[in-house]
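Structural features, examined
Chain by chain, the residues run as shown.
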Amino acid sequence: MVNLTIDGKQISVKENTTIMEAARQNGIPIPKLCYLKGINEIAACRVCVVELEGKNRLITSCNNVAEEGMVIHTNSPKVRKDRRTNVELILSQHDCQCVTCARSGNCSLQKIANDLNILDIPFEKEIERQPWNQDFPLIRDSAKCIKCMRCIQVCDKVQKLSVWDVEGTGSRTTVNVAGHGKIEDAPCSLCGQCITHCPVGALRERDDTEKVWDAIADEKKTVVVQVAPAVRTSWGEQIGLKPEEATIGKIMDSLKRMGVDYVFDTVFSADLTIMEEANEFVQRFTSGELKDRPMFTSCCPGWVRFAKSQYPHLVKYLSTAKSPQEMFGAVMKTYFAEKIGKSPEEIYTVSVMPCVAKKAEREKELFYNEYAGHGVDTVITTRELVKMMRSAHISPDTLQDIESDSPMHDGTGAGVIFGATGGVMEAALRTAYAIITGENPEADAFKAVRSSGFNANDGVMEAELNINGIKVRTAVVSGLGNTRNLLDKMEKGEVKYDFVEVMACPGGCVGGGGQPIHDGEELAFERGKTLYALDKNADLRFSHENPDIQKLYDEYMEKPMSHKAHMLLHTEH
Ligand code: HC0
Ligand code: SF4
């Protein structure tokens, strides 16, 4: 142990603990901007400076280790002055247009500047705004970038894609797409992890909320919304609701109050995806087609983009089943449109997703008979949903639990867990078991594929399962860096699987790039627990027992993998 004094408090910490961590463990938070534990410990912002007594100098606390006998001051006049100057210098290169910023109220720079009582910036402003494709789902505003390097590090170390890089030197050092390229040409998976790790508003999703308001205002349109499984775990975080208060029913109520005509839960179509994907897996597995490679899940568009750009030879092993978002879009514009006597063109479909890549996934076209268009018209993130609630001045405490509409009302626990890493695999195995054996397994029989912690086991869970004497080797992975490691092992023949689930964001959709931002905190695992609890308490836990799915097949799709199902529910990648 190492003994030192911080702000007059004598403390002991383990060797090799940074000063910042030693202070944190003892209830002394040190302000920071660029620091991200284990990912970005480069002291670029110098906001975390502290005074080391006796040495007459300031040191950064995030990357200096506590040493025996140190006497540290985290808030001396010298520290305050230096910290303030460092923040003022950062502000001199930042556009400071807080009123029109997507992160206003949730910005680490805004908070620190306020905490330090900075009322004026004594330096000349030097701001350059680089051009950006405003149609791309990921928007970067260089005039807000504080060069903390977090985006570079997250994309490089966590997602292993290296989309961002430093360019220029000296005071002209800045961040941009690597090689001064265009974002639309870069291998960006649109996972959105750089957005959720940006301390300011330099990175954000394209705002699509106005399209939804326009559709609501258009009397000729019937607006139909679906809400993804993971949204229920996080939407309350930004508006002060506890997880148990922030139910899916209240999201449905808020959407109806905004003027949406029909509201649905994507859990319904997660069950539909399982019907198609489990049948597809059993067919591909038993036909011997999967000799060399596994079948991969394909519902995560960040993963599909990654596979296409990094491992194109593996694309043919992706399941052809569309994602639940896309299946729901197809069902809304055909089966549902017929039920309510409307044409597909009169239906305007919106998805609320915890994801940025879903904004690109919706661009896929829907072909059926004469009709060609999009299954989903607009995708908004969880953050955009909360923004819409705010602009509709809905008080969260007045929201009631209301049911989703019919005839796509029912959803099972198997569909709910889609939002957490391992959930799609577990749900698919429950139904694949029933297809192979003719009877249901115990509902928790495949819980070995659940994650044991945020990014535990390098994000990989493996399970070898026995279904009626047939051995099925499965793996589940989340995070694209973890995925790259796993795929490389697979390509070298070090590991072999029959069925693999991949989610681009660490922890699955609960940790998605469209979720509420809590600077530097990783909440995916905690949010995932909410989904597993909902599954445990659900009346139905097998997708094939969903009565509304059974009705959809009876009345419209015939059976899983039918010609009609192929036309509407499957895709080429
Ligand atoms: Fe997901 Fe989905 S589970 S990708 O994470 O499969 O975004 O929540 O909606 O489509 O259901 C996201 C979440 C979805 C889809 C579902 C899948
Ligand atoms: Fe990298 Fe993901 Fe950001 Fe794209 S969205 S730049 S892949 S972190």
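Residues numbered from 1 in each chain as written. Chains lettered and ligands numbered in written order. Predicted model: local features only at pLDDT ≥ 70, side-chain atom pairs only at ≥ 80, totals over all residues.

On to the overall build of the protein. From N to C terminus, the protein includes 18 helices and 19 strands. Compactness check: the protein gives a C-alpha radius of gyration of 25 Å against a globular reference of 25 Å for 573 residues, within 12% of the reference. Out of the 573 residues in the protein, the part that is buried amounts to 49%. Considering only contacts in the protein between residues 6 or more positions apart, those separated by 24 or more positions represent 73%. (Helix = DSSP H or I, 4+ residues; strand = E, 2+ residues; numbered from the N terminus. Rg over C-alpha atoms; globule rule 2.2 N^0.38 Å. Buried ≥ 20, exposed ≤ 12 C-beta atoms within 10 Å, placed from the backbone. Contact = placed C-beta atoms within 7 Å.)

This paragraph deals with the pairing of strand S13 (residues 347–353). Counting buried positions along S13 gives seven out of seven residues, so the element sits mostly inside the fold. In this structure, strand S10 (residues 222–227) lies alongside S13, joined through six bridges in parallel fashion. Each bridged residue has a counterpart across the sheet, and for Val227 the counterpart in S13 is Val352. (Pairing = 2+ DSSP bridges.)

Moving on, we come to the site of ligand 1. In the neighbourhood of ligand 1, 21 residues make up the surrounding shell, with Ala228, Ala230, Cys299, Pro324 and Cys509 lying closest. Mapped onto the shell around ligand 1, the elements with two or more residues apiece are helix H8 (267–286) and helix H10 (324–339). Its residues assigned to classes, the shell around ligand 1 comprises 13 nonpolar, seven polar and one charged. (Near = placed C-beta within 6 Å. Nonpolar A, V, L, I, M, F, W, Y, C, P; charged D, E, K, R; others polar.)

Turning to the site of ligand 2, a few remarks are in order. Taken together, 13 residues lie near ligand 2, and Cys155, Val163, Cys188, Cys191 and Cys194 sit nearest. At the level of elements, helix H4 (150–158) and helix H5 (193–196) are the ones that each hand at least two residues to the shell around ligand 2. Looking at the shell around ligand 2 residue by residue, the classes come out as nine nonpolar, four polar and no charged.

The subject of this paragraph is the UniProt feature "domain: 4Fe-4S His(Cys)3-ligated-type" (unreviewed entry) in the protein. In this structure's numbering, the residues bearing the UniProt feature "domain: 4Fe-4S His(Cys)3-ligated-type" (unreviewed entry) are residues 78–117. The span residues 78–117 carries 57% helix and 0% strand; its end-to-end C-alpha distance comes to 16 Å. (UniProt positions renumbered as here; feature names shortened; annotations may be inferred.)

This part is about the nonpolar core. One finds Val225, Ala428 and Ala504 to be the most contacted residues of the largest nonpolar core, which totals 159 residues. When near neighbours in sequence (up to four residues on either side) are disregarded, Ala428 contacts Ile274, Glu277, Ala278 and Phe281. (Core = buried A, V, L, I, M, F, W, Y, C linked by C-beta atoms within 7 Å.)

Moving on: the packing of H8 against helix H14 (residues 423–437). Contact geometry of H8 with H14 gives a least axis separation of 9 Å together with a crossing angle of 60°. Considering the angle they form, H8 stands oblique to H14. As H8 runs across H14, the sense of the crossing is right-handed. Contacts between H8 and H14 involve Ile274, Met275, Glu277, Ala278, Asn279, Phe281 and Val282 on the former and, on the latter, Ala427, Ala428, Thr431, Ala432, Ile435 and Ile436. Within the contact of H8 with H14, the residues separate by chemical class into ten nonpolar, two polar and one charged. (Axes fitted to C-alpha atoms, helices over the stretch in contact; angles between N-to-C directions. Parallel < 35°, antiparallel > 145°, perpendicular 65-115°, else oblique. Left-handed = near helix turned anticlockwise from the far one by under 90°.)

Looking at the secondary structure, you find Val472 in strand S18 (residues 470–478). Along the sequence, Val472 and Phe499 sit 27 residues apart, while their C-alpha atoms lie 7.6 Å from each other. Those residues in contact with Val472, other than ones at most four positions away along the chain, are Leu465, Ile467, Asp498 and Phe499.

What follows deals with the sheet that holds strand S4 (residues 57–60). Hydrogen bonds between backbone atoms are what pair the strands of a sheet, whose relative direction is either parallel or antiparallel. An order of S2-S1-S5-S3-S4 is seen for the five strands of this open sheet, with the pairing classed as mixed. Of all strands in the sheet, those bounded by a partner on one side alone are strand S2 (9–13) and S4. Mean inter-strand twist for the sheet, computed between neighbouring axes without regard to direction, equals 40°. Bridge count for strand S1 (residues 2–6) against S2 is five bridges, and the pairing is antiparallel. By the bridge assignment for S2, Val2 is matched with Val13. Here helix H2 (residues 77–92) sits on the sheet in contact with strand S3 (49–52), S4 and strand S5 (71–73), set at roughly 150° to S3.

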